[in-house]
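# Chain and residue survey
Here are the chains, one letter per residue:
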Amino acid sequence: MPIPAHSLGFVGMKVLVVGSGAREHALVRAIALDPMVDAVIAAPGNPGIAQIALCEPIGGGGITDGAAVVEVARRHTVDLVVIGPEAPLVEGVADDLRAAGFATFGPSARAAQLEGSKAFAKRIMAEAGVPTSFSHVCTTRAEVEDALDAFGAPYVVKDDGLAAGKGVVVTDDRDAALAHADACLARPDGRLVVEEYLDGPEVSLFCISDGTTVVPLAPAQDFKRLSDGDAGPNTGGMGAYSPLDWAPPGLVDDVVQRIAQPTIDTMHRLGMPFVGVLYVGLALTSRGMRVVEFNVRFGDPETQVVLDRLVTALAEFLQAAATGQLDLAGPLRWRPEPAVTVVLAAPGYPQAPESGGVLSGVEEHGLADEAGDAEAGDGGAAGGAEGAGSAYVLHAGTAIGDDGLLRASGGRVLSIVGSGPDLAAARAAAYDLIERIDLPGGHYRTDIAERAQRGEITAPVVGA
Ligand code: GLY
């Protein structure tokens, strides 16, 4: 049962969640469990979310159309709006909602440049003294070639702007790096960042802020490459797990003190207070921790495992952030049991995902394990023997076809979340369930959290 964030007085809340992925399904699930919440509306949501919340289409230009999102918030007289994806944030939907009087969890368009422009993020990191990779901002091919040669392989080329998960190429092939750079430069106002490659294990840490105070969530690790063994192209993320037993003690405090708080303070000082979640993507390198990227929203699929473990009631906590009261929210509480999520992707993902495939085996494995208990047998959460884990399905790219069947409608289709007394049990529960779901041509990684389970990940001592 979620624990309220200490009676901040947000009773009978109506919450609107904007977005339609598994991240939003996880957010809606956690918000709906908050005893202070009376109603959850998702716009536009998805068929899985529709089982636990009211899903509303957004008119006009969809989720990036501020007036259309405000219209949904007004129609339902919501007390809080939580914006899931980056695109509406960069387009200023949070500004429109605040101007219309809605408490909103998500940064302004100006603050969202931390994700919307890699060059802007690098400037803020420099201003805040945040450790990150060396980089060059390039607007011509000659600058790109010089930068690639200066850093050497592996080459890291990042589109300056949002690119729907396709903006970053990391490769040993100079021609492939140049080809990606050419594509970035060909866009209107084409600009890109060439960076030094960062070795070492990566960590995602979500830092919630009300513009002043910073509260970190639990760290997670994400698997960005398509295939087992970190082979294949980058994706939006094929799986994640939390907690990270191998992480150095003090890592979270260190990230807050050296990265998140200085960034939030700098944004405040520059007149762009950041309200929402600062997603700090880190590499723990042999030279100390370095920021790989900032994002301005919850990560997907890391959110699925982080929120699975959160005991504190989420809606009240996010409301405190949205209304400048995070200092009153009290410490967060976590379940110690690990959670693992495995993403089921559509055939052709990420290059050319095929929509329309029929999903079977999903219906009976919805949010069956709200209490987190392992249940044996059909009809409950996946699991089995006493002491084993349990699992459930979060929807991402799914839709109900005209024939009433559940079909794939996007690249990442489902996120299966398993939890258990240890990583082995959590992994077993997630994989046992995903194996019982069928999507013709669908694919998933089989090694999510495997190296962590085997104790094979070591992090250099954080410092420097
Ligand atoms: N998991 C990576 C992202 O959300 O950007």
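Residues numbered from 1 in each chain as written. Predicted model: local features only at pLDDT ≥ 70, side-chain atom pairs only at ≥ 80, totals over all residues. Heavy atoms only, no water.

A tally of regular secondary structure across the protein gives 13 helices and 22 strands. The globule rule puts the C-alpha radius of gyration for 464 residues at 23 Å, and the 21 Å found for the protein is close to it. Looking at the 464 residues of the protein, the share that counts as buried comes to 57%. In the protein, 70% of the contacts between residues at least 6 apart in sequence involve partners at least 24 apart. By element, 51% of the accessible surface of the protein is carried by carbon and sulfur atoms, the whole surface being about 17,400 Å². For the protein, the separation between the mean place of its 33 positive charges and that of its 61 negative charges on side chains is 5 Å. (Helix = DSSP H or I, 4+ residues; strand = E, 2+ residues; numbered from the N terminus. Rg over C-alpha atoms; globule rule 2.2 N^0.38 Å. Buried < 20%, exposed > 50% of the residue type's maximum accessible area, 1.4 Å probe, protein only. Contact = heavy atoms within 4.5 Å. Areas by Shrake-Rupley, 256 points an atom, 1.4 Å probe, with all protein chains shown as cover. Lys, Arg positive; Asp, Glu negative; His and termini not counted. Charge placed at Lys NZ, Arg CZ, Asp CG, Glu CD.)

Turning our attention to the sheet that holds strand S17 (residues 288-295). Taken together, 4 strands build an open sheet; the order of strands is S11-S10-S16-S17 and the sheet is antiparallel. Among the strands making up the open sheet, the edge pair consists of strand S11 (214-216) and S17. Pairwise comparison of adjacent strand axes, ignoring direction, gives a mean angle of 35° for this sheet. Looking at chain direction, strand S10 (residues 202-210) and strand S16 (residues 275-285) are connected through 9 bridges and run antiparallel. Each bridged residue has a counterpart across the sheet, and for Cys-207 the counterpart in S16 is Leu-278. (Pairing = 2+ DSSP bridges. Axes fitted to C-alpha atoms, helices over the stretch in contact; angles between N-to-C directions.)

As a matter of local geometry, the ligand sits amid Asp-222, Gly-236, Tyr-279, Asn-295, Arg-297, Gly-299, Asp-300, Pro-301 and Glu-302. Measuring from a nitrogen atom of the ligand, one finds a backbone N or O atom of Asp-300 at 2.9 Å. At 2.8 Å from a nitrogen atom of the ligand is found a side-chain nitrogen or oxygen belonging to Glu-302. Out of a free accessible area of 200 Å², the ligand has 90% covered by protein chains. (Near = heavy atom within 4 Å. Polar contact = N/O pair within 3.5 Å; in protein donor to acceptor, adjacent residues only side chain to side chain.)

Reading across from one edge, S6-S9-S7-S8 is the order of the 4 strands in this open sheet, with antiparallel pairing throughout. Only two strands of the sheet have a single neighbouring strand rather than two, namely strand S6 (135-138) and strand S8 (168-171). The sheet shows a mean angle of 20° between the axes of neighbouring strands, taken without regard to direction. Where S6 lies against strand S9 (residues 192-195), 4 bridges are found, and the strand directions are antiparallel. Bridging from a neighbouring strand, Val-137 pairs with Val-193 of S9. Its contacts with the sheet put helix H7 (residues 141-151) on S6, strand S7 (155-159) and S9, and the angle it makes with S6 is roughly 170°.

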